[in-house]
Structures are given as structure tokens and as C-alpha cells.
Amino acid sequence: MVARITSGKNIRGVLSYNENKVKEGAALCIDAVGFGCLLEELSFANKLNRFIGLTERNRIAKTNTIHISLNFHPDEKLEDKVLRDIAGTYMEKIGFGDQPYLVYRHNDAAHPHIHIVTVNIQSNGDRIDIHDIGRNESTKARREIEEMFGLVKADEQKENGDSGLKPADISVAEYGKRPTKNEISNIVRTVAKFYRYANFEQYQAILKEYNILANRGEPGTRMHKNGGMVYQMMDRKTGNVVGVPVKSSSIYEKPTLKNIEAQYERNEQIRKRYRQRAQQTIDGVLEKYTDKTSFLEALKSENIIATFKRNESGYIYGITYLDKTSCCFFNGSDLGKSYSAKAVLDRLQTGTSNENAQNRDFVGKLISETDFSKDFKEVLYDWMRTGALIEAFESGDGETHYKMGNLQTAKESWLPVNSKLTGYLRANRLDVSAASTVLDYVMTHIFPSELFRGNDHEWKNIFSKMEHELFSIIQGLWDPVYTNQSLPVELIRESRRKKKRRRY
């Protein structure tokens, strides 16, 4: 269960918000405590007057309205009686047990949740102190209620404001239908309040993930000049807007441009705390998955939506990451050079699915059959005899990375080398210059016009003719560094063990 408490100065506004939800069929008032009559006997005026009667007993207190939401896990199907009991227990534990309050069950989100409306002015005119009530009384009450009612514990869930938020259903966006506004309002309020965006473009990009367009109007228009903004459903496939626009000022909690802009600086500071989580998750995915499609799907399973940005010509010029766990939005540059679109694509297979698969099988078999106890020059030469070549490149992290593939396939389909083999190649000083020398020689001297597409017999013949010269090139590249010997596997392992011991 997740509890959120909002204080305010306008009990009429909070009551109207929930009552309007009831009229629209998006909510139901399921309990009225402390009103002295049955729920069905209460009119809007009865409810409002009961609260105003208390707030007028303390005209000094400006903040007198309390609006609480109790949110439950999407898998929890709770009956009204249970929700009433949870609400009553919660109000008692946070010190509002003697206050009149209304309980509304809302049906406008993917997760079950209730709203509780009350005031913090008591019958004697005293004000109930709500300072740090969310951190102190509410947290304690929430944990006790989770145990009492067997609820999914908030501490064990991924802490985020997403709470089962799903993209808007554009099929309901018909002109004149109020459900459109319900759908937009629920998404906009959640994104505006809980997501971490540092500018309007980022805020807009987050909403687009949920099929909502935040529109300021064209520059020069009256709406744009006055800082106005409307929200509208959109079809992400076509980019077309659907249904009627909704004014930002007409949505509860006022997600206007002015209020959105006021969040930028605070959000920027919060995002810094979650950069490392995003970086580590992306690094882990890049280590396990090699092609672009798998990379995007694996990140999605980790609750991060990565989107490559393209211009009108289809050229990829950037990448963004929406971390739904921390509710933070990052451009690739926010996380560092090694998370930019270019750096990520450098470390992925971007060729055809058929050739991608061929290289995965080819490299996997090659590595499993390699005798790494041999001199590095011999290992490299053995690989070349099978048609394997290595491309080395510098990534945004300043480290050398590698791709390996069969010469008979396009370089876009070459396989990114895993961390273990990367360590071996780095230890043996296969830098960009050395790898490029071998690549350039093979591509220009053996296959000057196009990639070799011959049969196995032709392949063996051509390499047997080049055998002596190829080995001379490799020998010449590594002799100045190691004289006669490169680093054996045992020496590399021992070096790593020493480094680890020095760290601790």
C-alpha cells in the first residue's frame, strides 16, 4: 500500500473534485464517517457544510484541508467493506479518528485506490498538527495496516509514481465524451507530480510514452505568448492528435506550464541520485545482449524505455532513457558519452537478423575451440585462418571495445566481444591501431572490391597463399611490444588477482 497526503486551503475544491468523479462514473463514495446520518442521505451541500462548520472555528489556520490517497497493488482486488475498514484504521492511527471524513473509491487507474477527504480543525477549534505526518505517523500506520490486512508491502515493491499507469486508450477519445478528460487527467497528474524531467522537451517526451501530447501552441500564437498549454490524446504511430484538447488549468492540481517549469531545478537534483542506477542497468544489458532489438527489449524488462531519436531522413542522432523505476528521464548525454546513441550502437549488432545470428554462432564456436595457452600472435593468426577478424574502437568511456565476426558477413553484424574476452584482448594490447592495420590489409590486399563470398575450398586456397605474409604482419605488430612472447593466460589471471588484493 502506498499512502499520499496532500494539504490545502480549499475544502470545496477537493470535495468537488471527488464528487465530479462520482458524477462521471469514475468514482463512488463508499463511506461517510462523523456526519450523523446515512451516506445516501447526504447531499453535496450537507458534506460541504459539515467541513466548513469546523474550519470556521479556527479562522487563523489557512491550511485546513486534508486529501489522502491510499493506493494498492494492481493484483489486489479489495471489496468496499475491506476498503472502509482500511480507511478507518488508517485515520485512527494518524490521529484523525475523531474527524468527519469521506471515502471515495476511484476507478480511473490501473491500480485500486481510495481518496479520503477531511479537515484538520477539531470541534473545539484546535488544529491537528500535520507537520511530517507523512514521514512519521503515516509510514508507521501504512506498515501496520499492510500486516493487518495482508497487503502487498510498499517497501518490497519498486518505489515509483507510475503505480500501474498505462498509455491512454485513444479509442475512447471521441468528441464530447468526458472519459477522454478522465484518461488525460489521470496520466498528466501522475507524470507531472512523480516523474523527474529537467525541461519541457523531456516532460513532453514522457507524456508521449502514455499517448498524451502536451501542446504549448505554435510560437507567436496567443496561447504560446501567454504561457498556456493544453493536453490531448495522440496516436504515437501516426503522430496525429485524437479527440478534444483539455486545458491544463482545468485539471485538478493544475499541471500548467508555470507549475511544470517550477519543478525543473528540483527534479535535476533528484535525477543525480538515480544516474548510477540507470548506468549500471544499461551496462548490464549491453553485457548480455548484442543486437539492437534485444537491447531495447531487455531494458524494457528492467523498466527502462530507451528510444533512439531519428531525423526526417531516418538518421539516428540521439537516444533517451525513461526509467520507470526511479521515474527519471535522461538523455544519453545526461548519463555520459558511453551512453550516447553512437556509443551504444557501436557496441551492438545493427545488421540483418540472419547475419547477426550467423556471427553469434560463428564466434561462439570459435571461442570454445580456441587454445588460449598459445602465444597471442598464434591465437590471432588461427582466428584469421578461419575467416575471423576483430574491429577495435574507442567508446565514450575511454576504453577500447571490440567486435568480432566472419569476414564473409557485413561488419554491422559483427558480434560485440564480452567482458572476459575484452580483458584478454586489452591485456595483449590489441589497440585500435593494431586491429585496424590487420583489417585494412586483409580488406585491401585480399578483397579489394567486395567481401569474400566464395566457397570453403576457395577460402582455404586464398589463405594458404597469403599465409606467410599475414603471419609476418602480425609478428611485426607485436614483436616491438613483447619481443618473442605475449602475455600468457596465467600471467593475466595473476595480474588481476593482485589488483583485487590491492583494492581491499
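Notes on the structure follow. (Residues numbered from 1 in each chain as written. Predicted model: local features only at pLDDT ≥ 70, side-chain atom pairs only at ≥ 80, totals over all residues. Heavy atoms only, no water.)

**Some details on the overall build of the protein chain**
Here is step 1: Scanning the protein chain for helices and strands turns up 18 helices and 14 strands.
Here is step 2: When each of the 504 residues of the protein chain is scored for burial, the buried share is 45%.
Here is step 3: Here the contacts in the protein chain between residues at least 6 apart in sequence split such that 65% fall between residues at least 24 apart.
Here is step 4: With the model as given, the accessible surface of the protein chain reaches about 26,300 Å², and the carbon-plus-sulfur share is 47%. (Helix = DSSP H or I, 4+ residues; strand = E, 2+ residues; numbered from the N terminus. Buried < 20%, exposed > 50% of the residue type's maximum accessible area, 1.4 Å probe, protein only. Contact = heavy atoms within 4.5 Å. Areas by Shrake-Rupley, 256 points an atom, 1.4 Å probe, with all protein chains shown as cover.)

**Examining the state of the cysteines**
Here is step 1: Across all of its chains, the model carries zero disulfides by this definition.
Here is step 2: As a non-bridged cysteine, Cys328 has Cys327 as the owner of its nearest cysteine sulfur, 7.2 Å distant.
Here is step 3: The class of Cys328 is buried, set by a relative accessible area of 0%. (Disulfide = S-S within 2.5 Å.)

**Focus: a negative patch on the surface**
Here is step 1: A cluster of acidic residues, Asp283, Glu394, Asp397 and Asp431, forms a negative patch on the protein surface.
Here is step 2: Position of Asp431 relative to the elements: it lies in the loop between helix 15 (419–427) and helix 16 (432–446).
Here is step 3: Looking at Asp431, the relative accessible area reads 38%, which means it is partly exposed. (Patch = residues over 30% accessible without salt bridge, like charges linked within 9 Å, V, L, I, M, F, W, Y side chains within 5 Å. Salt bridge = Lys/Arg side-chain N within 4 Å of Asp/Glu carboxyl O. Lys, Arg positive; Asp, Glu negative; His and termini not counted. Charge placed at Lys NZ, Arg CZ, Asp CG, Glu CD.)

**Side note on the environment of Ser16**
Here is step 1: Locating Ser16 in the fold gives a position in helix 1 (residues 11–23).
Here is step 2: Taking the C-alpha atoms as reference points, Ser16 and Phe44, 28 residues apart in sequence, are found 8.5 Å from one another.

**Some words on the pairing of strand 9 (residues 304–310)**
Here is step 1: Relative to strand 10 (residues 316–323), strand 9 runs antiparallel, the two sharing seven bridges. Bridging across to strand 10, Phe308 finds its partner in Ile319.
Here is step 2: If you look at the hairpin formed by strand 9 and strand 10, you'll find five residues sitting between the two strands, and Gly314 has a positive phi there, around 90°. (Pairing = 2+ DSSP bridges.)

**A look at the sheet that holds strand 4 (residues 101–106)**
Here is step 1: The antiparallel open sheet is built from five strands, whose spatial order is 1-3-5-4-2. At either end of the open sheet lies a strand with only one pairing partner, and these are strand 1 (2–8) and strand 2 (27–33). Taken pair by pair, the neighbouring strands of this sheet meet at an average axis angle of 20°, ignoring direction. (Axes fitted to C-alpha atoms, helices over the stretch in contact; angles between N-to-C directions.)

**Some words on the packing of helix 9 (residues 264–288) against helix 10 (residues 292–301)**
The axes of two packed helices give the description: the angle between them and the distance between them.
Here is step 1: Where helix 9 contacts helix 10, the axes come no closer than 10 Å and their chain directions differ by 140°. Relative to helix 10, the element helix 9 is oriented oblique. Considering how the two elements wind past one another, helix 9 and helix 10 form a crossing that is right-handed. Contacts from Thr281, Ile282, Val285 and Leu286 in helix 9 reach Phe295, Ala298 and Leu299 in helix 10.
Here is step 2: Classifying every residue of the contact of helix 9 with helix 10 gives six nonpolar, one polar and no charged. (Parallel < 35°, antiparallel > 145°, perpendicular 65-115°, else oblique. Left-handed = near helix turned anticlockwise from the far one by under 90°. Nonpolar A, V, L, I, M, F, W, Y, C, P; charged D, E, K, R; others polar.)

**Focus: unusual backbone geometry**
Here is step 1: Despite not being glycine, Asp132 shows a phi value in the positive range, around 60°.
Here is step 2: Mapped onto the elements of the fold, Asp132 is located in the loop between strand 5 (113–119) and helix 4 (134–149).
Here is step 3: By relative accessible area, which is 32% here, Asp132 ends up partly exposed.
Here is step 4: Positioned with a positive phi, Cys327 is a non-glycine residue whose angle comes to about 60°.

**Some words on the nonpolar core**
Here is step 1: Ranked by internal contacts, the top residues of the largest apolar core, which has 32 residues, are Trp383, Leu389, Ile390, Met404, Leu425, Leu430 and Val442.
Here is step 2: Where this core is concerned, the elements lending two or more residues are helix 13 (353–368), helix 14 (376–385), strand 12 (388–394), strand 13 (400–406), helix 15, helix 16 and helix 17 (456–482).
Here is step 3: Core analysis: the second largest hydrophobic core is formed by 26 residues, Ile184, Ala192, Tyr203 and Cys327 among them. (Core = buried A, V, L, I, M, F, W, Y, C linked by side-chain atoms within 4.5 Å.)

**Structural notes on helix 4**
Here is step 1: Regarding helix 4, the residues found buried are Ser138, Thr139, Ala141, Arg142, Ile145 and Glu146. Each buried residue of helix 4 lies within a common arc of 165° when the element is viewed along its axis, so the set occupies one face. In helix 4, the exposed residues that point more than 90 degrees away from the buried face are Lys140, Glu147 and Met148.
Here is step 2: Looking one or two places after helix 4, you find Gly150, whose phi comes out positive at around 65°. (Arc of directions from axis to C-beta.)

**Topic: empty space enclosed by the protein**
Here is step 1: In this structure the tally under the stated criterion is two cavities of 30 Å³ or more.
Here is step 2: The space that makes up the second largest cavity amounts to roughly 70 Å³.
Here is step 3: Lining the second largest cavity, in full, are Leu380, Met384, Leu389, Ile390, Leu430, Ala434, Ala435, Val438, Leu439 and Trp478.
Here is step 4: Every element with two or more residues in the lining of the second largest cavity is listed here: helix 14, strand 12 and helix 16.
Here is step 5: Looking at which element gives the most residues to the lining of the second largest cavity, the answer is helix 16, with four residues.
Here is step 6: A per-class count over the lining of the second largest cavity returns 10 nonpolar, no polar and no charged. (1 Å grid on protein atoms, 1.4 Å probe; cavity = no way out; pocket = protein on both sides within 12 Å on 5 of 7 lines; lining within 4 Å. Points joined across faces, edges and corners; volume = space filled by probe spheres on them.)

**Concerning helix 6 (residues 200–208)**
Here is step 1: Those residues of helix 6 that sit buried are Phe200, Gln202, Tyr203, Gln204, Ile206 and Leu207.
Here is step 2: Sitting at the amino-terminal end of helix 6 is Asn199, which places a side-chain oxygen 3.2 Å from the backbone nitrogen of Glu201. (Polar contact = N/O pair within 3.5 Å; in protein donor to acceptor, adjacent residues only side chain to side chain.)

**Brief notes about the pattern of salt bridges**
Here is step 1: Applying the stated criterion to the full structure yields 17 salt bridges.
Here is step 2: For Glu268, the salt bridge is made with Arg271, and the minimal N-O distance between the two is 3.1 Å. With Glu268 and Arg271 both in helix 9 and three residues apart, this pair spans about one turn of that helix.
Here is step 3: We note a salt bridge from Asp375 to Lys377, for which the minimum N-O separation is 3.3 Å.
Here is step 4: Taken together, the shared-partner salt bridges in this structure form one network comprising Glu268, Arg271 and Asp334.

**As for the environment of Tyr441**
Here is step 1: Checked against the element boundaries, Tyr441 lands in helix 16.
Here is step 2: Measuring from C-alpha to C-alpha, the distance between Tyr441 and Ile473 comes to 9.0 Å, with 32 residues separating the pair along the chain.

**Some points on the packing of aromatic side chains**
Aromatic ring pairs are described here by two measures, namely the spacing of the ring centres and the angle between the planes.
Here is step 1: Counted under the stated rule, the structure contains eight aromatic pairs.
Here is step 2: Judged by centre distance (5.6 Å) and plane angle (85°), the rings of Phe35 and Phe51 are edge-to-face. Taken together, the positions of Phe35 in the loop between strand 2 and helix 2 (44–55) and Phe51 in helix 2 put the pair 16 residues apart, joining distant regions of the chain. Here Phe35 and Phe51 have matching classes, each one buried.
Here is step 3: Each ring, one from Phe200 and one from Tyr203, has its centre 6.4 Å from the other, and the planes form 45°; the classification is tilted. With Phe200 and Tyr203 both in helix 6 and three residues apart, this pair spans about one turn of that helix. (Phe/Tyr/Trp six-rings, centres within 6.5 Å; stacked < 30°, edge-to-face > 60°.)

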